[in-house]
Amino acid sequence: NAGVTQTPKFQVLKTGQSMTLQCAQDMNHNSMYWYRQDPGMGLRLIYYSASEGTTDKGEVPNGYNVSRLNKREFSLRLESAAPSQTSVYFCASRSGPRVETQYFGPGTRLLVL
Amino acid sequence: AQSVTQLDSHVSVSEGTPVLLRCNYSSSYSPSLFWYVQHPNKGLQLLLKYTSAATLVKGINGFEAEFKKSETSFHLTKPSAHMSDAAEYFCVVWSKGGNDMRFGAGTRLTVKP
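First, a word on scope: everything that follows refers to the structure included in this document. (Residues numbered from 1 in each chain as written. Chains lettered and ligands numbered in written order. Predicted model: local features only at pLDDT ≥ 70, side-chain atom pairs only at ≥ 80, totals over all residues. Heavy atoms only, no water.)

1. Description of the overall build of chain A
Then, number 1: In terms of helices and strands, chain A carries zero helices and eleven strands.
Then, number 2: Listing the helices and strands of chain A from first to last along the sequence gives β-β-β-β-β-β-β-β-β-β-β.
Then, number 3: Across its three principal directions, the C-alpha atoms of chain A cover 35 × 25 × 25 Å.
Then, number 4: Burial status across chain A gives 48% buried among its 113 residues.
Then, number 5: Partitioning the contacts of chain A with sequence separation of at least 6, the portion at a separation of at least 24 is 56%. (Helix = DSSP H or I, 4+ residues; strand = E, 2+ residues; numbered from the N terminus. Buried < 20%, exposed > 50% of the residue type's maximum accessible area, 1.4 Å probe, protein only. Contact = heavy atoms within 4.5 Å.)

Here it is as structure tokens:
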């Protein structure tokens, strides 16, 4: 039981390049989330998927798109990376939107030059 | 609307002395409150959570927190700091059925030998 996994662990991009961050969970959770972590700002929600087949914007969605591929997988795409998107990205899941505990992946460290 | 304020960005203690990390919250509804810990270059680990049961919550590694509704606070304490406690700590608020968790900016705990 791996919990929440993320790939890649670390990525360097040039401005304007695109990439997809992958997230998968093996806990049969319905809800999945993408956050970014910046110094002095805690974690901020980018997008979430309350259940398979649905996605919604969070606090900071601009510049990102998401896909809930199936119940297990939730990907985050940067179509045209900008230096302001340099951050650490965390995926998380919970069994349902009314359940308290959220489980986090190990994070993806992204550097945009 | 909900939000969290962590009152100290950095706390430094000596090993064996008490730890106090302060958190105030704002929530329109009866909130659930959490403390997460993040060790350097690691993901987030749940320390403890308050979900409207006992107001004094015990967590892992000897940490505990007390929910005080009148003061809208959820401070994290530990009687005796250990070197391994050095990490970043996040206070988080969530309203049941809400779309996301709101993170504080974090408190970096340093433990001196």
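There's plenty left to go through after this.
2. Overview of the overall build of chain B
Then, number 1: Along its length, chain B carries zero helices and twelve strands.
Then, number 2: Along the first, second and third principal axes, the C-alpha atoms of chain B reach 40 × 30 × 20 Å.
Then, number 3: Burial status across chain B gives 43% buried among its 113 residues.
Then, number 4: A fraction of 56% describes how many contacts in chain B between residues 6 or more apart in sequence connect residues 24 or more apart.
Then, number 5: Of the accessible surface of chain B, which amounts to about 5,400 Å², a share of 50% is contributed by carbon and sulfur atoms.
Then, number 6: The centroid of the 11 positive side-chain charges in chain B is displaced by 4 Å from the centroid of its 8 negative side-chain charges. (Areas by Shrake-Rupley, 256 points an atom, 1.4 Å probe, with all protein chains shown as cover. Lys, Arg positive; Asp, Glu negative; His and termini not counted. Charge placed at Lys NZ, Arg CZ, Asp CG, Glu CD.)

3. Quick look at the packing of aromatic side chains
Then, number 1: Summed over all chains, the structure comprises 14 aromatic pairs over all chains.
Then, number 2: Geometrically, the ring pair formed by Tyr 33 of chain A and Tyr 48 of chain A is stacked, given 6.2 Å between the ring centres and 20° between the ring planes. Here the residue Tyr 33 of chain A occupies a position in strand β4 (residues 31–37), and Tyr 48 of chain A occupies one in strand β5 (residues 43–49), the gap between them amounting to 15 residues. Like Tyr 48 of chain A, Tyr 33 of chain A is buried.
Then, number 3: Ring centres 6.4 Å apart and planes at 50° place the aromatic pair Tyr 50 of chain B and Phe 74 of chain B in the tilted group. Here the residue Tyr 50 of chain B occupies a position in strand β6 (residues 44–50), and Phe 74 of chain B occupies one in strand β9 (residues 73–78), the gap between them amounting to 24 residues. Accessibility classification places Tyr 50 of chain B together with Phe 74 of chain B in one group, the buried group. (Phe/Tyr/Trp six-rings, centres within 6.5 Å; stacked < 30°, edge-to-face > 60°.)

4. Section: the side chain of Ser 75 of chain A
Then, number 1: Tracing the chain through its elements places Ser 75 of chain A in strand β8 (residues 74–78).
Then, number 2: In contact with Ser 75 of chain A, not counting residues within four places along its chain, are Thr 20, Leu 21, Gln 22, Trp 34, Asn 65, Val 66, Ser 67 and Leu 69 of chain A.

5. Quick notes on a nonpolar patch on the surface
Then, number 1: A surface patch of nonpolar side chains, about 360 Å² in accessible area, is lined by Phe 10, Val 12, Leu 111 and Leu 113 of chain A.
Then, number 2: Mapped onto the elements, Val 12 of chain A comes out in strand β2 (residues 10–13). (Patch = residues over 30% accessible without salt bridge, like charges linked within 9 Å, V, L, I, M, F, W, Y side chains within 5 Å. Salt bridge = Lys/Arg side-chain N within 4 Å of Asp/Glu carboxyl O.)

6. Description of the pairing of strand β7 (residues 65–68) of chain A
Residue and element names in this part refer to chain A.
Then, number 1: Taking every second residue as pointing to the same face, the buried face of β7 carries Val 66 and Arg 68, while none of Asn 65 and Ser 67 on the other face is buried.
Then, number 2: Of the strand pairs in this sheet, β7 and β8 are connected by four bridges, and their pairing is antiparallel. Of the residues in β8, the one forming a bridge with Asn 65 is Arg 77.
Then, number 3: Counted between consecutive antiparallel strands, the loop separating β7 from β8 contains five residues. (Pairing = 2+ DSSP bridges.)

7. As for the interface of chain B and chain A
Then, number 1: Each partner contributes residues to the interface: chain B has 23 residues there, and chain A has 22 residues.
Then, number 2: Both faces considered, chain B and chain A share a buried interface measuring about 1,800 Å² in area, 54% of it formed by carbon and sulfur atoms.
Then, number 3: Inspection of the region where chain B meets chain A yields one salt bridge.
Then, number 4: Among the ionic pairs, Arg 102 of chain B bridges to Glu 59 of chain A, the shortest N-O distance being 3.4 Å.
Then, number 5: Between the two partners, chain B and chain A, sit four residue pairs in polar contact (both at pLDDT 80 or more).
Then, number 6: When residues of the side of chain B that touches chain A are assigned to their parent elements, the largest contribution, four residues, is made by strand β5 (residues 31–38) of chain B. (Buried area = accessible area lost by both parts, 1.4 Å probe. Polar contact = N/O pair within 3.5 Å; in protein donor to acceptor, adjacent residues only side chain to side chain.)

8. Observations regarding the environment of Thr 72 of chain B
Residues and elements named next belong to chain B.
Then, number 1: Mapped onto the secondary structure, Thr 72 falls in the loop between β8 (64–68) and β9.
Then, number 2: For the pair Thr 72 and Gly 43, spaced 29 residues apart in sequence, the C-alpha separation works out to 27 Å.
Then, number 3: Apart from the residues lying within four places of it in its own chain, the contact partners of Thr 72 are Cys 23, Asn 24 and Tyr 25.

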